[in-house]
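Examination of the molecular architecture
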Amino acid sequence: MIGNLFVVSAPSGAGKSSLVNALLEHDPHVRLSISHTTRAPRPGEQNGREYHFVDRGAFQAMLEAGEFLESAEVYGNWYGTSQRWIEAQTHAGHDILLEIDWQGAAQVRRLFPAARGIFILPPSLDALRQRLEGRGQDDAEVIARRLAAAQEDISHALEYDFLVVNDRFEEALADLLAVLRAQRLGIDSQMHRQAALLRELEGTTD
């Protein structure tokens, strides 16, 4: 693998999607993996932009053919990441970002041990509750279930390589950008990216 593979996870309400969208705008060198899903498109969504929308039969066929790097069922719908696309992109030298949950992240680590995991935390449980309530989309019972699910997600945070606390948005974004930059400067990445320069310099004498 020449390009870097980053996995970003967070509990619902931590602001992951907003941070990832801002990250993609600030860093043109990273590409977001587009998952396949069996859920119906929401208003404004386009096939191939937010998701690759497929029916259950097509998804099951891809699953049985071993085409997914990771897959999971969430609230009755299936989601999966194309392993072929990830391998092609990273071998071409592109950095790829996966926006998936902790279960999918565990599947990715088994196949790509070099993948770097980033977990986004809310600044507090109260802040998380306020963000979920502020959406105005769910009743109290649903919010309680989401908070319980969020605490389960957070219990897996230490399985990741980096923790980013999304208290102040701009600071959290800067932290994400710093993680990507540091990883690109690591020896494993630079051995490939700077191979020609290293060969040239090794051939010189002081």
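Here, every reference points to the structure presented above.
Residues numbered from 1 in each chain as written. Predicted model: local features only at pLDDT ≥ 70, side-chain atom pairs only at ≥ 80, totals over all residues. Heavy atoms only, no water.

1. Quick word on the packing of aromatic side chains
Inspection of every chain in the model, using the stated rule, returns five aromatic pairs. Centroid distance Phe59 to Trp78: 6.0 Å. Interplanar angle 40°. Geometry classified as tilted. In this pair, Phe59 is assigned in helix α2 (residues 56-64) and Trp78 in strand β6 (residues 77-82), connecting sequence segments 19 residues apart. Residue classification places Trp78 among the partly exposed residues on the basis of a relative accessible area of 25%. Members of the aromatic cluster, each reached through a chain of ring pairs, are Tyr51, Phe53 and Tyr79. The side chain of Arg109 reaches across the aromatic face of Tyr160, ending 5.6 Å from its centre. (Phe/Tyr/Trp six-rings, centres within 6.5 Å; stacked < 30°, edge-to-face > 60°. Helix = DSSP H or I, 4+ residues; strand = E, 2+ residues; numbered from the N terminus. Buried < 20%, exposed > 50% of the residue type's maximum accessible area, 1.4 Å probe, protein only. Lys NZ or Arg CZ within 6 Å of the ring centre and 35° of its normal.)

2. Focus: the packing of helix α1 (residues 16-26) against helix α7 (residues 169-184)
Two elements in contact, α1 and α7, have axes whose closest approach is 10 Å; the angle formed by their N-to-C orientations is 60°. One way to sum up the angle between α1 and α7 is to call them oblique. Two packed elements cross with a definite hand, and for α1 against α7 that hand is right-handed. Of the residues in α7, those touching α1 at Ser18, Leu19, Ala22, Leu23 and His26 are Phe169, Ala172, Leu173, Leu176, Leu177 and Leu180. A breakdown of the residues in the contact of α1 with α7 according to their chemical character gives nine nonpolar, two polar and no charged. (Axes fitted to C-alpha atoms, helices over the stretch in contact; angles between N-to-C directions. Parallel < 35°, antiparallel > 145°, perpendicular 65-115°, else oblique. Left-handed = near helix turned anticlockwise from the far one by under 90°. Contact = heavy atoms within 4.5 Å. Nonpolar A, V, L, I, M, F, W, Y, C, P; charged D, E, K, R; others polar.)

3. Brief notes about the environment of Glu171
Assignment of secondary structure puts Glu171 in helix α7. Separated by 111 residues in sequence, Glu171 and Gln60 have C-alpha atoms that sit 41 Å apart.

4. Description of helix α6 (residues 140-154)
In this model, α6 (15 residues) spans 21 Å end to end at C-alpha, consistent with the 21 Å of a helix rising 1.5 Å per residue. Taken as a whole, α6 has its buried residues at Val142, Ile143, Leu147, Ala150 and Asp153. Projected onto a plane normal to the axis of α6, the buried residues spread over an arc of 140° and lie on a single side. Looking at the buried residues of α6, the elements they touch are α4 (102-111), β8 (116-121) and α5 (125-134). (Expected span 1.5 Å × (residues − 1). Arc of directions from axis to C-beta.)

5. Re the sheet that holds strand β3 (residues 36-37)
Spatial ordering of the open sheet is given by β4-β3-β6-β5, a layout of four strands whose pairing is mixed. Only two strands of the sheet have a single neighbouring strand rather than two, namely β4 (52-53) and β5 (68-74). When β3 meets β6, the two strands line up antiparallel, connected through two bridges. Directly across from His36, in β6, lies its bridge partner Gly80. (Pairing = 2+ DSSP bridges.)

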